[in-house]
Amino acid sequence: MNHQDTPPPLTLEQAHQMALDHFNAGRLPECEGLCHTILETLPQHTPTLNMLGAIAQQVGRYDLSAERFQQAITQDSHNAQSHLGLGLSLLKLDQPGQAEICFNQALDLNPNCFQSLCMLGSLRTQRGEPEAAMTLLEQSLTINPHYLLATERMAQAASLAGDLEKASSLYRACHTQTQNSLHLILTSQAQMQAGEIEAAATTYREALSKVLPQSSSPKAPPSSLDGKLEQVIALQHFGRSGTMLFHSLFDGHPEITTLPGVLFNTLFMPNTEARLDLSWHHSNWRGSLVDRFMDLCGFLFDPCGYRGPMAEPDAAANLGFDCMGEDRTQKLSLNPGPFRNHLMTLLEDYPTIDMPTLFKLIHIAYEKSQERPNPEARRIFYHIHNTQIEAFHRLLARFPDTRLLTALREPVQSLESLLYEKLSRANRPELDSASRQAATRSAYDDAAACFQAMWENMFLPAHAVIPSIGVRLEDLKSSPKTIMPKLAAWAGIAHHASLYQSTFQGLSYWGPSSKLTPKIRGFEGSSVQRKVGALFSKRDALVFRTLFYPFRVHFGYQQADESVFRHDLNEIKPMLQQPLDFETTWLSKQTQGREKPQEQPAYHTFHNSLQAAWNCLNQRHGWRGLPAWLRP
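Residues numbered from 1 in each chain as written. Predicted model: local features only at pLDDT ≥ 70, side-chain atom pairs only at ≥ 80, totals over all residues. Heavy atoms only, no water.

Trainee: I tried to follow the overall build of the chain on my own but got confused; where do I start?
Mentor: When its secondary structure is counted, the chain shows 29 helices and eight strands. Its C-alpha atoms give the chain a radius of gyration of 27 Å, near enough to 26 Å, the size a compact globule of 632 residues would have. Along the three orthogonal principal directions, the C-alpha set of the chain runs to about 85 × 70 × 55 Å. Within the chain, the fraction of its 632 residues that count as buried is 54%. (Helix = DSSP H or I, 4+ residues; strand = E, 2+ residues; numbered from the N terminus. Rg over C-alpha atoms; globule rule 2.2 N^0.38 Å. Buried < 20%, exposed > 50% of the residue type's maximum accessible area, 1.4 Å probe, protein only.)

Trainee: Is there a simple way to explain unusual backbone geometry in this structure?
Mentor: The bulk of non-glycine residues show a negative phi, and the bulk of peptide bonds are trans. The phi torsion at Asp-94 lies on the positive side, around 60 degrees, for a residue other than glycine. Note that Asp-94 resides in the loop between helix H5 (80–92) and helix H6 (96–109). Judged by its relative accessible area of 44%, Asp-94 falls in the partly exposed class. The backbone of Asp-277 shows a phi angle near 55 degrees, a positive value even though the residue is not glycine.

Trainee: Honestly, the side chain of Thr-406 in this entry has me stumped. Any pointers?
Mentor: Along the chain, Thr-406 falls in strand S4 (residues 403–408). Among the polar contacts listed, one links the side chain of Thr-406 to the side chain of Gln-236, at a separation of 3.0 Å. With residues near it in sequence (within four places) discarded, Thr-406 still touches Gln-236, His-237, Phe-238, His-463, Ile-469, Gly-470 and Val-471. (Polar contact = N/O pair within 3.5 Å; in protein donor to acceptor, adjacent residues only side chain to side chain. Contact = heavy atoms within 4.5 Å.)

Trainee: Explain the pattern of salt bridges here, please?
Mentor: One pass over the structure, following the stated rule, counts 19 salt bridges. The partner of Arg-340 in a salt bridge is Asp-291, with the nearest N and O atoms 2.8 Å apart. One end of the pair, Arg-340, is in helix H17 (residues 336–347); the other, Asp-291, is in helix H15 (residues 285–296), and 49 residues separate them in sequence. The class for Arg-340 is partly exposed, based on a relative accessible area of 26%. A relative accessible area of 39% means that Asp-291 is categorised as partly exposed. Across the salt bridge formed by Arg-530 and Glu-416, the nearest N and O atoms sit 2.8 Å from each other. In this pair, Arg-530 is assigned in the loop between helix H24 (526–529) and helix H25 (538–547) and Glu-416 in helix H20 (residues 411–424), connecting sequence segments 114 residues apart. A relative accessible area of 0% means that Glu-416 is categorised as buried. What emerges from the salt-bridge pattern is a single network uniting Glu-100, Arg-124, Arg-127 and Glu-129. (Salt bridge = Lys/Arg side-chain N within 4 Å of Asp/Glu carboxyl O.)

Trainee: Even after reading the chapter, I still don't get the sheet that holds strand S2 (residues 256–258), so can you show me in this structure?
Mentor: Note on sheets: strands pair through backbone hydrogen bonds, and any given pair is parallel or antiparallel. If you trace the six strands from one edge of the open sheet to the other, you get S2-S3-S1-S4-S5-S8, paired in parallel fashion. Unpaired on one side and paired on the other, S2 and strand S8 (628–629) mark the two borders of the sheet. Judged from the six bridges that link them, strand S1 (residues 231–237) and strand S3 (residues 379–385) form a sheet pairing that is parallel. Looking at S3, one finds that Leu-235 is bridged to His-383. In the packing of helix H18 (residues 355–369) onto the sheet, the strands contacted are S1, S2 and S3, and the crossing angle to S2 comes to about 100 degrees. (Pairing = 2+ DSSP bridges. Axes fitted to C-alpha atoms, helices over the stretch in contact; angles between N-to-C directions.)

Trainee: Is there a simple way to explain the packing of helix H9 (residues 148–161) against helix H29 (residues 601–619) in this structure?
Mentor: Two numbers describe a pair of packed helices, the interaxial angle and the distance between the axes. In contact at an axis separation of 7 Å, H9 and H29 are set at 60 degrees when each is read in the N-to-C sense. As judged from the angle between their axes, H9 and H29 are oblique. Together, Ser-159, Leu-160 and Ala-161 of H9 and Asn-608, Gln-611, Ala-612, Asn-615 and Gln-619 of H29 make up the contact between the two elements. (Parallel < 35°, antiparallel > 145°, perpendicular 65-115°, else oblique.)

Trainee: How should the pairing of S1 be read in this particular structure?
Mentor: A regular strand places its side chains so that they alternate between the two faces of the sheet. A large share of S1 lies buried, amounting to seven of its seven residues. Alternating positions in S1 separate into two faces, Gln-231, Ile-233, Leu-235 and His-237 on one and Val-232, Ala-234 and Gln-236 on the other, with burial throughout. Alignment of S1 against S4, held across five bridges, turns out to be parallel. Paired with Leu-235 across the strands is Leu-405, a residue of S4.

Trainee: I would appreciate a short explanation of the packing of aromatic side chains in the present structure.
Mentor: We describe a pair of aromatic rings using the distance from one ring centre to the other and the angle between the two ring planes. For the structure shown, the criterion picks out 26 aromatic pairs. Centre to centre, the rings of Phe-544 and Phe-606 are 6.5 Å apart; their planes meet at 35 degrees, and the pair counts as tilted. Separated by 62 residues along the polypeptide, Phe-544 in helix H25 and Phe-606 in helix H29 bring together distant segments of the chain. Cluster of aromatic residues (ring-pair linked, three or more members): Phe-238, Phe-451, Trp-455, Phe-459, Phe-536, Phe-544, Phe-548, Phe-551, Phe-555, Tyr-557, Phe-582 and Phe-606. Directly above the aromatic system of Tyr-500 lies the positively charged group of Lys-481, at a separation of 4.1 Å from the ring centroid. (Phe/Tyr/Trp six-rings, centres within 6.5 Å; stacked < 30°, edge-to-face > 60°. Lys NZ or Arg CZ within 6 Å of the ring centre and 35° of its normal.)

Trainee: Would you take a moment to explain the pairing of S3 for this structure?
Mentor: The element S3 is largely enclosed, with a buried count of seven among its seven residues. Of the two faces of S3, the one lined by Arg-379, Phe-381, His-383 and His-385 and the one lined by Ile-380, Tyr-382 and Ile-384 are each fully buried. Two elements, S2 and S3, share three bridges in a ladder whose sense is parallel. Bridged to Thr-257 within S3 is Ile-380.

Here it is, written out as structure tokens:
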């Protein structure tokens, strides 16, 4: 080659710009390779060290990322971007105190560092200081009015402060900027909590119209399936409220088709749909699709032995699928061979496929594969179980005729049972010290999210848009002959003897295990007769009874008394600023008194949700928006 054809070597500035172009285009390996080439010549080059830190952040290597940014700071302590990057990594490493120091250092070096202002505001929100947070976030937006993260965090702070009108306005502003339907859903949630039911319904309908991307696969062509299984009866829980019993009573109904695996609730998550890959552009697309589904959702065939990508530890035992039948010696299972054959045959009628059609065909193939199929099924009974926001709204967007059934239980008892179950997972004697510490933090994280989930389920915007009903577990157990005919009429199915039989695939179902009431079955009522106190003190119970006041009145758990409610609301206000008794007692036992709840990240998550609920209740009068109560 002629030396004149050899490209001249890149200057440092050119090499760094090329690395930046790779980074912005998402070509991280190319970017990383070029960065290392630069550092071979100039090991102290701060911008390159910062870029390597950013790459490590992108792939979730926050320990390495922190190391890279620290190296950059060692070379140049006056680089604001290095301090900002280190702070972001330390946040991911659960070191908020050290992260805050970094953000303040970045701000000292660059007063216009709007990212640092945003993160400092976020930390104030996490500490339960929404007013101070909003001041910092407003400063961030003054510097960069289009900084989406600051607008989102401002909405969260406003919601925590109880300013739901401002929160909904900010979420709407986020949607204007991104056209992301999730921001509309958050807008409608804030409107529901504020009592603006009509506005929430309008916003939520708009959100559902935008949940599915315009580029999603075209609707499958008409076939013999057209018009069948159009309606879904979706079941969700409210705390620990017996949804598996509800589910098992519908399983044998001749007009219902349903799958027993509650893990199936993730089917409508965007990442699940992407992994299924509904592509029909090659000759064997049907076989490939069926194989992907059976690999992804293998729990449907062997709940007790499934170890695939969607496996949950001890899921089958926790659901009671390992002790089925009258003698409790049988395990739930389904022969995958017939299922595969039936689904393949059904797919032959379709040159293309979409998600609603696949959902229906899966149920039909499942029915055909059972020893006791329901060939006349007209409704799909879908156990959502843990309501995942994206999956739930995508379900409603795909099946607009969905009816929503919420299984209810006295909320303080329900929450106590749920938290007891979550926190008990850390009490395994076989754990060593490090594993016990990790299990304690994980259990506290899970428990902290439970109250917020129950609170949000009280005011789902879906209640204002689709037929929604709540059935109390207490009523189901005490008056099944009264409740089940009414529930069948609401669901649009015939009253049938199967509605009083707790089964899956024709096998007797004994229910999931419970540490508080381990031996219950069917309509046996010891679980709902148990008094609160296994975990909660009287003080704790007062806090939760007060925060669940609208729910307890609406569903008949107590009489309405606004003056007593307002008195209790004022009484519990200072209690929310300190650990509740169950937190102190449980954590002290777990750590032999070495740690306090306030030192745990989950503590702030939990108490922020309590404070947000208190602020909402304190400002709102009237409780429209809850689902209708199916009275016995």
